[in-house]
Amino acid sequence: MHVADLKGGEAVGETRWPRVPYGDVARLVEEYLGPVRRAGRGLLPRGTPGGEAKVFREAGFLGPERYVVPGAGELERGEDDVVARVFSLSSSAPGLFGHRVAEFEAELRELLRACAPEGCFAERAPDTEVFVWRTP
């Protein structure tokens, strides 16, 4: 199985809380880590590699069957939730910031508070895409 968030499912319409300012967060990460996206200790100068289907086929698997599991709709996220999500990504894991991790987190929290002084954000839970590959 190959499981991933289905890309391109941004929420539209009115929400109770401001949306997470992911564009601003990405710019802040870039200020600290540079313009080339990270993947743990590695770099992705051309973005995230694709081609998973080719890898599965070359390994002898048949398929795939594709399923989409709907997301849970609008979710309420707190400041700590957003900070935890940023640090959970391989492209912005705490270790990448080295001795500046506390400085980055303080600036991230300042950015979030400027966007949502009450500390609450609205976020759409993404749909999940599931590809099932079978052995011959």
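Just above sits the structure.
I will try to describe carefully the structure that is included in this document.

Calculation criteria
Every chain is numbered on its own, with residues counted from 1 as its sequence reads. Residue-level local features of this predicted model are given only where pLDDT is at least 70; pairs of side-chain atoms are given and counted only at 80 or more, and the full residue set underlies all totals for whole chains, interfaces and linings. The basis for the side-chain values is all heavy atoms of the structure; hydrogens and waters are excluded. The secondary structure listing takes helices from DSSP runs of H or I that are at least 4 residues long and strands from runs of E that are at least 2 residues long, numbered from the N terminus. Under the scheme applied here, a residue whose accessible area is under 20% of the maximum for its type counts as buried, over 50% as exposed, and between as partly exposed, the area being computed with a 1.4 Å probe on protein chains only. Here a residue-residue contact requires only that any non-hydrogen atoms of the pair lie within 4.5 Å. To be clear on the numbers: accessible area is Shrake-Rupley with a 1.4 Å probe, and residue cover counts the displayed protein chains and nothing else. By definition, two strands form a pair when at least two bridges between them are found by DSSP. Only the contacting stretch of a helix is used when fitting its axis, a line to C-alpha atoms as for every element, and angles between N-to-C directions run 0 to 180 degrees.

1. Re the overall build of the protein chain
Turning to step 1, where the next piece is worked out: Secondary structure assignment for the protein chain yields four helices and seven strands.
Turning to step 2, where the next piece is worked out: Listed by position from the N terminus, the elements making up the protein chain come as β-α-β-β-α-β-β-α-α-β-β.
Turning to step 3, where the next piece is worked out: Looking at the protein chain residue by residue over its 136 residues, the buried ones come to 27%.
Turning to step 4, where the next piece is worked out: The long-range share in the protein chain, meaning contacts at least 24 apart out of those at least 6 apart in sequence, stands at 85%.
Turning to step 5, where the next piece is worked out: Taken as a whole, the protein chain presents about 9000 Å² of accessible surface, with 54% of it coming from carbon and sulfur.

2. Examining the sheet that holds strand 7 (residues 128–134)
Turning to step 1, where the next piece is worked out: Pairing within the open sheet is antiparallel, and its three strands lie in the order 1-7-4. With one partner strand each, in any of the chains shown, strand 1 (2–5) and strand 4 (62–69) form the two edges of the open sheet. Taken pair by pair, the neighbouring strands of this sheet meet at an average axis angle of 20 degrees, ignoring direction.

From the geometry alone we can't say anything about function, so treat these as descriptive.
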